[in-house]
Structure formats: structure tokens, C-alpha cells
Amino acid sequence: MKLDKYTVGKRYGKALFELAIENKAADAVYQELLTVREICKEIPDLGNILTDVRLTGAEKKAIMDAFTGNFEGIIKNFLLVVFEYNRSDDLPFMIDEYEHRYDELNKIAHGTVTTAVPLSEEKKHELEAKVADVFGYQKATLTPLVDESILGGVIVEADHQVIDGSLASQLNGLRAALSKK
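Everything numeric in this text was worked out from a predicted model, so none of it was measured.

> Even after reading the chapter, I still don't get the pattern of salt bridges, so can you show me in this structure?
It is possible for side chains of opposite charge to pair when their charged atoms get near one another. On inspection of all chains with the given rule, the structure shows 13 salt bridges. We note a salt bridge from Glu-38 to Lys-41, for which the minimum N-O separation is 4.0 Å. Taken together, the residues span about one helical turn, with Glu-38 and Lys-41 both in helix H2 (residues 26-42) at a distance of three residues. Judged by its relative accessible area of 41%, Glu-38 is partly exposed. The shortest N-O distance in the salt bridge between Lys-123 and Glu-126 comes to 3.5 Å. Taken together, the residues Lys-123 and Glu-126, both in helix H7 (residues 121-135) and three residues apart, mark about one turn of the helix.

Laid out in C-alpha cells, this is it:
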């Protein structure tokens, strides 16, 4: 039975994370994975190229040598294992899983903040500090979104939770309360 990309990503990402923790290298591995992710973004077909059956083993190895040339230790070995097991096209899912575990370890929350008008950087940082505090994290990173339909206020989504402080939501609640009477 062939495993889906998410399952493969979870298994490899978890194994890499556990190895990094064991070697007290979680931060260093994370930083190198960010570089790997950037390379994968710059060359979106890299994983498909490395698993393409039309290329010879020597051609793939030459590409892989160029890809791994700037890495060493855990990351280089990880990339070589991924390549050897013909899973290079699943690499983004592996990085996502590692990042998820890294963020849990370091108590970092990721989410979005939706407002009716663009947020200033100062307000965004204030909201991130408040969200981290409310959810019990050390740090929160929020991606700002603009949706004029919320009229005002903010909607924060982080850690699979939603805080809806939008004016539209408050008006809908008021409407519902008034229609019950």
C-alpha cells in the first residue's frame, strides 16, 4: 500500500525532529530546513526531478550532489536518505512536520489576524504579544489579512482556535438576541 504525502511527511519529519533533539541540534536543523524550503520554493520541481524515472541514476546523483553541497551533518544525511528512498517530492511535507514539532517545543503559535483595514506593524506586534499571552505561548506569529466585510474589530485564528471580535459578528449576535424577544 502506497502512503500518502502527509503520512510520509509526518513520519520523516518526526524522525528528523527526534534525531535533532537527541543530538541537541533542533535549532540548527530548523535553520537549515528553512534554507531547504527556500531552495524548494526557488526550484518547485526539484522533488519531481529527483524522482523522475526518465533520468538516470547518475543524472539524479549529480543534481543531488549540487543540492546537498552546502549542507552537512544531520541535514545532509537526511536529504540523502530522502533521496535514496525516492521521497524527494515529499520534502515540503517533511519540513512542515518538523516545523510543527519545533514550534510546539518552543511554544510558538502561528495564525492569522483579519481586520477591515490594514494593520500597522506596531499594532500587529501588539496583537501577537496578546495572542501569545492568551494562548499560553512564548511567541505568536500572525499573518495579517484584510476583509472589509467584518466592518471593524479583529478576528484572530491561532492554535485551532478563533477569537472573533469583529463588529459584524457583534451585530449578528445583537440581531439574533433581538429576534428572540
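> Please explain a nonpolar patch on the surface as it appears in this structure.
Together, Leu-151, Leu-167, Leu-171, Leu-174 and Leu-178 line one region of the surface with nonpolar side chains, adding up to about 460 Å² of accessible area. In this fold, Leu-171 is placed in helix H8 (residues 167-179).

Thresholds applied
Residues numbered from 1 in each chain as written. Predicted model: local features only at pLDDT ≥ 70, side-chain atom pairs only at ≥ 80, totals over all residues. Heavy atoms only, no water. Salt bridge = Lys/Arg side-chain N within 4 Å of Asp/Glu carboxyl O. Helix = DSSP H or I, 4+ residues; strand = E, 2+ residues; numbered from the N terminus. Buried < 20%, exposed > 50% of the residue type's maximum accessible area, 1.4 Å probe, protein only. Patch = residues over 30% accessible without salt bridge, like charges linked within 9 Å, V, L, I, M, F, W, Y side chains within 5 Å. Areas by Shrake-Rupley, 256 points an atom, 1.4 Å probe, with all protein chains shown as cover.

All we've got here are geometric facts, nothing functional implied.
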